[in-house]
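Architecture and fold: a report
Residues per chain, in single letters:
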Amino acid sequence: MITSFSQRGAIEFREEVRTWLQTALPQGWIESRDSLTEDQQIEIRREWDRTLFKAGYGGLSWPPEYGGRGAGPVADAIFYEELARAGAPDGLSRLGRTVAGPLIMTAGSEEQQSKYLPEILDGSSVWCLCLSEPDAGSDLANVSTSAILSGSEYVVNGTKIWTSFAQHATRSLLLARTGSRDAGRNNLTMFLMPMNQPGVQIRPIRTIAGDHHFNEVTFDSAVVPVSDRLGGENDGWNVFRASLTFERGPAIAMSFFVEMCRERETLIECCAADEGRQTLLRARELASKIELVRWHLSFGRR
Ligand SMILES: Cc1cc2nc3c(=O)[nH]c(=O)nc-3n(C[C@H](O)[C@H](O)[C@H](O)COP(=O)(O)OP(=O)(O)OC[C@H]3O[C@@H](n4cnc5c(N)ncnc54)[C@H](O)[C@@H]3O)c2cc1C
């Protein structure tokens, strides 16, 4: 178990991950990714979730009592940086591992933890985040999707948008209103919403490049049992805010970092090709600044 990291420990862990990646990456992903069909890519991404689990990396930073390795955020950052650098697939269970799982550990009941955490960890469930709405994106306190209590379940009506992975999701973290809209953020509630049911309709939103990443999700009298409410009724704002911390954690930050570095290299190459001297100097200055930030973080890179 990795509980804390010395500089040396970080270097050794990075070596461990690099060595593992040399043989673990799926055949065909690196060489011919662009020629794979969407279905083939999805199958590889599902398989990647299982590979991570089998190698003990699925719950790298999860506490051991939940089946993880108990590594801290530094190990997580190193791991995701190396994955991004190697061009590894983005597992379909990523949102489960990095957002839903940690949130269930924090706010879920023991019953919810024992039911959902193992299937998130082994990659057999796929999660999405049903937060944004057509009229409530940045202003999430204004969501209008309603969840009305009826016996032992809530009946959900409304529309969510920009929902990544919804087309594959078995369950979502859903933010819905459990009272009148006048109360703003004070009557929002979080749910662990089952997605495979007649009341849930998923419409793809394709990007200009033709990719199907986003969806519009409509809930039309869909149901979620009271036992799948995450935290107390009307306490959704507090529960949900914790999820943002996980969503923007080291995993995503390091993937973005590697992407930015790639774009920086492309920019420098383009500037050099055009002999745009001033722009080239600016690009190089930017490159130095990014590397300085990287050096400050100093995650044991040699
Ligand atoms: C790659 C990606 C994946 C995503 N995946 C998901 C997902 O899985 N689930 C999900 O629920 N959402 C997802 N989103 C949505 C995202 O998290 C935001 O909620 C959404 O993009 C913002 O809402 P909007 O597009 O309606 O923009 P708006 O809220 O309309 O904002 C438009 C612009 O106005 C600015 N603005 C808004 N309000 C104010 C204000 N009061 N004062 C000043 N400026 C303001 C914003 O900063 C922004 O620049 C994803 C977004 C991206 C880019």
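Our structure's up above, just so we're on the same page.
Below, the structure is looked at part by part. Note that the structure is predicted; figures quoted are calculated from it, not measured.

Moving on, we come to the pattern of salt bridges. Using the criterion set out here, one finds 14 salt bridges in the structure. Note that Glu-82 is salt-bridged to Arg-14, the shortest N-O span being 2.5 Å. Of this pair, Glu-82 sits in helix H4 (residues 73-86) while Arg-14 sits in helix H1 (residues 7-24), placing them 68 residues apart in sequence. Using a relative accessible area of 3% as the deciding quantity, one classes Glu-82 as buried. We note a salt bridge from Lys-160 to Glu-133, for which the minimum N-O separation is 3.0 Å. Taken together, the residues Lys-160 in strand E3 (residues 153-160) and Glu-133 in the loop between strand E1 (127-130) and strand E2 (146-150) connect sequence positions 27 residues apart. Taking relative accessible area as the criterion, Glu-133 reaches 5% and is therefore assigned buried. Overlapping salt bridges bring together Arg-14, Arg-18, Glu-81, Glu-82 and Arg-85 as one network.

Right, let's talk about H4 for a bit. The end-to-end C-alpha separation of H4 is 20 Å, in line with the 20 Å expected for 14 residues at 1.5 Å each. For H4, the buried fraction is high: 10 of the 14 residues fall into the buried class. Of all the positions in H4, only Ala-75, Asp-76, Ala-77, Ile-78, Phe-79, Tyr-80, Glu-81, Glu-82, Leu-83 and Ala-84 are classed as buried. Positioned one or two residues after H4, Gly-87 has a phi angle of 75°, which is positive.

In the neighbourhood of the ligand, the contacting residues comprise Leu-129, Leu-131, Ser-132, Gly-137, Ser-138, Trp-162, Thr-163, Ser-164 and Phe-214. Within the side chain of Ser-164, one N or O atom sits 2.8 Å away from a nitrogen atom of the ligand. With the chains in place, 39% of the 980 Å² that the ligand exposes on its own is no longer accessible. Here the residues of the shell around the ligand are counted per class, giving 4 nonpolar, 5 polar and no charged.

Looking now at the environment of Val-126. Counting through the fold element by element, Val-126 comes out in the loop between helix H6 (110-121) and E1. Each C-alpha atom of the pair Val-126 and Ala-100 lies 9.8 Å from the other, and the pair is 26 residues apart in sequence. Look past the residues within four positions of Val-126 in its chain and what remains in contact with it is Arg-46, Leu-92, Ser-93, His-168, Ala-169, Thr-170 and Arg-171.

The next thing to look at is the pairing of strand E7 (residues 212-225). Relative to E7, E3 is paired through 8 bridges, and the arrangement is antiparallel. Residue pairing across strands places Gly-158 opposite Phe-219, the latter belonging to E7. Summarising the sheet, strand E6 (residues 200-206) and E7 pair through 7 bridges and their orientation is antiparallel. Paired with Arg-206 across the two strands is His-212, which belongs to E7. Between the end of E6 and the start of E7, which pair antiparallel, lie 5 residues, with Gly-210 showing a positive phi angle near 90°.

Once that is clear, we can look at the environment of Ser-164. Among the structural elements, Ser-164 can be located in the loop between E3 and strand E4 (171-177). As a C-alpha pair, Ser-164 and Glu-216 span 52 residues in sequence and 9.3 Å in three-dimensional space. Beyond its immediate chain neighbours, meaning those up to four positions away, Ser-164 contacts Leu-95, Cys-128, His-213 and Phe-214. Of note is the side chain of Ser-164, whose polar atom sits 2.9 Å from the side chain of His-213.

Another aspect to go through is unusual backbone geometry. The phi dihedral of Ser-221 is positive, around 55°, even though this residue is not glycine. Relative to the elements of secondary structure, Ser-221 occurs in strand E7. Ser-221 gets classed as partly exposed once you look at its relative accessible area, which sits at 44%. If you check the backbone angles, Asn-234 has positive phi at about 70° while not being a glycine. Assignment of secondary structure puts Asn-234 in the loop between strand E8 (229-230) and helix H7 (236-247).

All right, on to the side chain of His-168 then. Looking at the element boundaries, His-168 is found in the loop between E3 and E4. Looking at His-168, the relative accessible area reads 18%, which means it is buried. Contact partners of His-168, with chain neighbours within four places excluded, come to Ile-42, Arg-46, Leu-92 and Val-126.

Reading guide: rules and limits
Every chain's residues receive numbers from 1 upward, in the order its sequence appears when written. Residue-level local features of this predicted model are given only where pLDDT is at least 70; pairs of side-chain atoms are given and counted only at 80 or more, and the full residue set underlies all totals for whole chains, interfaces and linings. Based on all heavy atoms of the structure, the side-chain values leave hydrogens and waters out of the count. Basic side-chain nitrogens of Lys or Arg form a salt bridge, by our definition, when they fall within 4 Å of a carboxyl oxygen of Asp or Glu. The helix and strand labels rest on DSSP assignments: H or I over at least four residues marks a helix, E over at least two residues marks a strand, and numbering proceeds from the N terminus. Each residue's exposure class comes from its accessible area (1.4 Å probe, protein chains only) as a fraction of the maximum for that residue type: buried when under 20%, exposed when over 50%, partly exposed otherwise. Every helix has an expected span of 1.5 Å times one less than the residues it contains. Nearness is judged by heavy atoms alone; a residue qualifies as near a molecule or strand once a single heavy atom is within 4 Å of it. Under this definition, polar contacts are N or O atom pairs within 3.5 Å; protein pairs additionally need one hydrogen-donor-capable and one acceptor-capable atom, and for neighbouring residues in sequence, both atoms have to be side-chain atoms. Accessible surface area values rest on a Shrake-Rupley calculation with a 1.4 Å probe, where residue burial reflects the displayed protein chains alone. Residues are sorted three ways: Asp, Glu, Lys and Arg are charged, Ala, Val, Leu, Ile, Met, Phe, Trp, Tyr, Cys and Pro are nonpolar, and all the rest, Gly among them, are polar. What makes two residues a contact is simply this: any of their non-hydrogen atoms within 4.5 Å. Each pair of strands is called paired provided DSSP finds at least two bridges between the two strands.

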